[in-house]
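Each chain is listed here by its residues.
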Amino acid sequence: MKNLIFLAPPAAGKGTQAQLLVDKYAYTQISVGDLLREEVEKGNEELNNIMTAGKLVDTKIIVKLLLKKFNDENCNYILDGFPRSLEQAEALEQISKLENIDLGLVIYLHISKEEAKNRIVGRRTCPKCNRIYNCYIEDLKPIECNICDDCKVELTHRDDDNDESFERRYNTYYNETTPLINYYKNKNVLYEIDASVHTDEIFKKIEEIINDKN
Ligand code: AP5
Ligand code: MG
C-alpha cells in the first residue's frame, strides 16, 4: 500500500476518511491534531492556546511527535494534517530519507470555506477512540444522542470548533498550506477529490486512486 498524505482545509473530512480507510485497509492514521490534543490533555496549555488561535504549532514540536509515531508504528500510514507548510513538506522529505519511508500519494480534499464551516457546528468526537460524528447529518449521527456508538462514553465538542477559531484556522490554511497544492502537483503525486459530496462517494474515489497506484 502507498502511504497517504491528506491535504485539506479544516473540517473537510480528513479524519473521517482516514478512519474509513483504517477500518478497511492496513493503514495507520497519524492525526497530528489528535497527537497535539493528547499533549493538551496532559496539561500543555500553551499548545491549547496556539490551536484555539488557529495558528500552526512550531514544526520542531510536530516533527518530534511524528518521529516517535514513525518509530512506534512500522506500517503504512495516513498523514492527517501534516505537512501544512512548505517548511513542513521539506521536513517530511528529510524524515522520509532518514527513516527510509516512501512519501506516497497526496490526496487533496477540495471543499468551499462555507461548506467546511457548516460541518464544524455539528462535529462531536469520542474522547476515547477519537471517532468523529456529526449531530446534524443523518448518517454521521451517533445512535444515541451525544454517546459514542462503540465506547458508550459522552462525545466532546472541540475547543477550536467555533466561528472565530474556524476563521483563523481557515486563514492559516489559506496562507500556509495552499502553496503545497502546487508543490505536490509539480512532483506528480497530487490527487484532487471533491469533498463536498457524501462520505461514501469520497471514499470510493480515494479507493480508486489507491487501488490504481498499488
Ligand atoms: P486538526 O485537528 O487537524 O484540525 P483541522 O485541520 O482544522 O481539521 P479538522 O480536524 O477540523 O477537520 P477534518 O478535515 O479532520 O474533518 P472531520 O473528518 O473531522 O488540527 C487542529 C490544530 O492543531 C490546527 O489548527 C493547528 O493549530 C494544530 N496543528 C495540526 N497539525 C499541525 C501541523 N502539521 N503543524 C502545526 N500545527 C498543527 O469532519 C468534520 C465534520 O464534518 C465532522 O462532523 C464529520 O462528521 C463531518 N463530515 C465529514 N465528511 C463529511 C461529508 N462528506 N459530508 C458531510 N459531513 C461530513
Ligand atoms: Mg481532523
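Refer to the structure printed above.
Residues numbered from 1 in each chain as written. Chains lettered and ligands numbered in written order. Predicted model: local features only at pLDDT ≥ 70, side-chain atom pairs only at ≥ 80, totals over all residues. Heavy atoms only, no water.

**Student:** Can you walk me through the environment of Thr52 in this structure?
**Tutor:** Secondary-structure assignment places Thr52 in helix α3 (residues 45-52). Assessed through its relative accessible area of 27%, Thr52 is described here as partly exposed. Sequence separation between Thr52 and Phe82 is 30 residues, and the spatial gap between their C-alpha atoms is 18 Å. Excluding residues that lie within four positions of it along the chain, Thr52 makes contacts with Asp159, Asp160, Ser165 and Arg168. (Helix = DSSP H or I, 4+ residues; strand = E, 2+ residues; numbered from the N terminus. Buried < 20%, exposed > 50% of the residue type's maximum accessible area, 1.4 Å probe, protein only. Contact = heavy atoms within 4.5 Å.)

**Student:** Got a minute to help me understand the pattern of salt bridges in this structure?
**Tutor:** One side chain can pair with another of opposite charge once the charged atoms of both are near each other. Counted under the stated rule, the structure contains 16 salt bridges. The salt bridge involving Asp160 is made with Arg169; its shortest N-O contact spans 3.7 Å. Put simply, Asp161 and Arg169 hold a salt bridge, and the shortest N to O gap is 3.2 Å. Of the two residues, Asp161 and Arg169, both sit in the buried class. Through salt bridges with shared partners, one network takes in Arg123, Arg158, Asp160, Asp161 and Arg169. (Salt bridge = Lys/Arg side-chain N within 4 Å of Asp/Glu carboxyl O.)

**Student:** Explain the pairing of strand β2 (residues 27-31) here, please?
**Tutor:** For a regular strand, the rule is simple: side chains alternate between the two faces of the sheet. Summarising burial for β2: 4 of the 5 residues are buried, a large majority. By the bridge criterion, 5 bridges tie β2 to strand β3 (residues 76-80) in an arrangement that is parallel. Residue pairing across strands places Ser31 opposite Asp80, the latter belonging to β3. (Pairing = 2+ DSSP bridges.)

**Student:** What should I look at first to understand the side chain of Asp80 in this one?
**Tutor:** With respect to the helices, strands and loops of the structure, Asp80 is situated in strand β3. For the buried residue Asp80, which engages in no salt bridge, the nearest side chain bearing the opposite charge is Lys14, 5.0 Å off. (Lys, Arg positive; Asp, Glu negative; His and termini not counted.)

**Student:** What's the story with the site of ligand 1 in this structure? I'm lost.
**Tutor:** Taken together, the neighbourhood of ligand 1 is formed by 34 residues, with Thr16, Lys55, Arg84, Arg123 and Arg169 sitting nearest. Between Arg84 and ligand 1, the recorded distance is 2.5 Å, taken from a side-chain N or O atom to an oxygen atom. Note that a nitrogen atom of ligand 1 is positioned 2.8 Å from one of the backbone N or O atoms of Val197. About the coverage of ligand 1: the protein hides 96% of its 1000 Å² of free accessible area. At the level of elements, α1 (14-24), α2 (32-41), β6 (132-134) and α9 (199-213) are the ones that each hand at least two residues to the shell around ligand 1. For the shell around ligand 1, the element with the most residues is α2, which contributes 4 residues. (Near = heavy atom within 4 Å. Polar contact = N/O pair within 3.5 Å; in protein donor to acceptor, adjacent residues only side chain to side chain. Areas by Shrake-Rupley, 256 points an atom, 1.4 Å probe, with all protein chains shown as cover.)

**Student:** How should I be thinking about the sheet that holds β2 in this particular structure?
**Tutor:** Strand pairing within a sheet occurs via backbone hydrogen bonds; the two strands may be parallel or antiparallel. An order of β2-β3-β1-β4-β7 is seen for the 5 strands of this open sheet, with the pairing classed as parallel. A strand with exactly one partner marks an edge of an open sheet, and here the two such strands are β2 and β7 (190-194). For this sheet, the mean angle separating the axes of adjacent strands, direction not counted, is 20°. Of the strand pairs in this sheet, strand β4 (residues 105-110) and β7 are connected by 5 bridges, and their pairing is parallel. Each bridged residue has a counterpart across the sheet, and for Leu109 the counterpart in β7 is Ile193. (Axes fitted to C-alpha atoms, helices over the stretch in contact; angles between N-to-C directions.)

In short, shape yes, function no, at least from these values alone.
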